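Listed here are the chains, written in short residue letters.
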Amino acid sequence: MFGVVGVPVIEVAMAAQAAGIKYVGMRNEQAACYAASAIGYLTGRPAVCLVVSGPGLIHALGGMANANVNCWPVESLSRPVESLSLYWCCRPVVVIGGSSDQNQETTGAFQEFPQVEACRLYSKFTARPSSLVAIPAVIEKAVRSSTFGRPGACYVDIPGDMVNARVDKSHVRQVTCCPPPPVSLAPPTEVLKAVTLIKQAQRPLLILGKGAAYGRAESEVCELVEGCGLPFLPMPMGKGVVPDQHPHCVSSARSRALLYADVVVLLGARLNWMLHFGFPPRFNTHVKIIQVDLCAEEMGNNVRPAVALLGDIRSVVTQVLEVFRKDPWSFPADSEWWAGLRHKMAANAEMSKALALAPSALLNYYSAFLHISELLPPDCVIVSEGANTMDIGRTMIPNRLPRHRLDAGTFGTMGVGLGFAIAAAMLERSRSAPRRVVCVEGDSAFGFSGMEVETMCRFKLPVVIIVINNNGIYSGLDADTWAQLANMGDLTTLAPPVTLLPDARYDQMMTAFGGRGFLVRTAEELRLSLQESLRDWLHPSLINVLIDPASDRKQQDFPWLTRSNL
């Protein structure tokens, strides 16, 4: 359970702890909801978020919306009663926000707000139990709704006068915990169509989305890639389903792969803005799409699929594999398609290497990530957010394992990083052999939830935070230029809107709460501070990496955001 307590939910958190539920107090409800949703994604089971009424719940709506758009299981509750802990065996994400007493509705009660109505926009299921005896059934349905079908957020509102109310236990209708989500299969005839289309392809491409990671389909997808010799492109949180270092990964030739592929297999990925809607000029005009998804409503969004395989991704890929096992086939490794992809991958890798090794007094994105990637443990959980920091880091920091990357996701949400990192670190603490959690933040992104470093210090979570500090959003100004602007007049009219305070000491925020902070300007300082941070399992660390404020991405073939066809 993650949350921010106040009157009257303090007793709820205490009751949860008494029932054996771990409570992690956060500094902002939004970060608490992000943390709870990350647990849902990483474990496949919804977690709990506890917030107070009115403004507290409103702060949590951002986390609920993020979970719904990302299709992560989240459940929200308002002021649950003491007995509620008996029914959290599925560990739902509970945004517990207090609501007004029932007899005070419309009177201007303390923090009165139409919470049930507000949450309907951001959740799969929203309800207020009519009485204490109804709570177990409502909670069970919320937990079930959050995980069945496409995962998402759920909200249960419990009025304040229920918190300390009592009921005869014999009157409560007991319910059992919800079962695991049912598994569905695609029609065999459609599976055969998909296999035939793959075999006929001249330029096939697999796209691995976070749905493949959430669906625990890594073994099956890896067998498909290797058995059929297919190139694959992982989406940001699909990284690691098949290791990024796999020779069939074509991430560094992304634009070419998307543009020229004639058959694209979508495995738990959606043709939204992140894949340019499947439209030209980013995609081949005549591309044939094989879409694998567990949500029927998703089929045909933007581009009508040649084959729609509706079902659980792991099970559907197994169906496809069974056909290939009976009639083995492999795409030729010496094909013109593979040759073109490898050539582009080599050229892009050389360009990134040149940028990383370019002589300069200041670090840039590429040089910083080169040293970071060389030192990170291969099994670490990587959390990343920011603009260039996230985009460049995604290409330069590899993932070897599934569900080991958390970032801004489909909603492009900034501020998720520290909440995600806290959730991941809490999970790792429960393992017999915990892995490191490394949170790579842009300086602007860090600012959204920066106070959560106190949460890390309070619970002694050994998260390593790396802030790539370019003094701004996308770009900033150096200290001298900033001082000149300040001398010229009012900064509110002179300073570019993207700028932040130059050389801000984010590292001192961490040391103020008892963690370890490092200020880094050179590659040697970066390497030494990261090595020292990774050796320390007792304290969180923050490495403040000052880079060239003018540092930017290498030239792209297309703009990152597709607008032309909308």
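Our subject is the structure listed above.
Here the structure is a predicted model, which means the values were calculated and not measured.

Caption draft 1: Representation of the overall build of the protein in the model. Scanning the protein from N- to C-terminus turns up 20 helices and 17 strands. Taken over C-alpha atoms, the radius of gyration comes to 25 Å for the protein, in line with the 24 Å a tight globule of 566 residues would show. The C-alpha extent of the protein, read off along each of the three principal axes, is 75 × 70 × 45 Å. Looking at the 566 residues of the protein, the share that counts as buried comes to 58%. A fraction of 76% describes how many contacts in the protein between residues 6 or more apart in sequence connect residues 24 or more apart. Approximately 23,400 Å² of the protein is accessible, and the part contributed by carbon and sulfur atoms is 56%. Averaged over its 50 positive side-chain charges, the protein has a centre that lies 5 Å from the centre of its 50 negative ones.

Caption draft 2: Fine view of the pairing of strand β7 (residues 204–208). Counting buried residues in β7 gives five out of five residues, a clear majority hidden from the surface. Of the two faces of β7, the one holding P204, L206 and L208 and the one holding L205 and I207 are both buried throughout. The sheet contact formed by β7 and strand β9 (residues 263–267) spans five bridges and is parallel. Residue pairing in the sheet places L205 in a bridge with V264 of β9. Here β7 runs beside strand β8 (residues 232–234); their pairing, made up of three bridges, is parallel. Bridging from a neighbouring strand, L206 pairs with F232 of β8.

Caption draft 3: Seen up close, the nonpolar core. With 119 residues, the main nonpolar core has F2, L309 and I465 as its most contacted residues. The leading source of residues in this core is helix α2 (residues 29–43), at ten residues. Apart from the residues lying within four places of it in its own chain, the contact partners of L309 are A186, E190, V191, A194, I290, Q291, V292, D293, M299, V316 and V320. Counting residues in each nonpolar core, the second largest holds 27 residues, with C380, I397, V438 and V520 among its members.

Caption draft 4: Expanded view of the sheet that holds β9. Strand order across the open sheet formed by five strands is β8-β7-β9-β10-β11, with parallel pairing between neighbours. Pairing within the sheet leaves two strands with one partner each, and these edge strands are β8 and β11 (307–310). In this sheet, adjacent strand axes meet at a mean angle of 15° when their direction is disregarded. The strands that helix α8 (residues 218–228) touches are β7, β8 and β9; relative to β7, the one it contacts most, it runs at about 165°.

Definitions and cut-offs
- Residues numbered from 1 in each chain as written.
- Predicted model: local features only at pLDDT ≥ 70, side-chain atom pairs only at ≥ 80, totals over all residues.
- Heavy atoms only, no water.
- Helix = DSSP H or I, 4+ residues; strand = E, 2+ residues; numbered from the N terminus.
- Rg over C-alpha atoms; globule rule 2.2 N^0.38 Å.
- Buried < 20%, exposed > 50% of the residue type's maximum accessible area, 1.4 Å probe, protein only.
- Contact = heavy atoms within 4.5 Å.
- Areas by Shrake-Rupley, 256 points an atom, 1.4 Å probe, with all protein chains shown as cover.
- Lys, Arg positive; Asp, Glu negative; His and termini not counted.
- Charge placed at Lys NZ, Arg CZ, Asp CG, Glu CD.
- Pairing = 2+ DSSP bridges.
- Core = buried A, V, L, I, M, F, W, Y, C linked by side-chain atoms within 4.5 Å.
- Axes fitted to C-alpha atoms, helices over the stretch in contact; angles between N-to-C directions.

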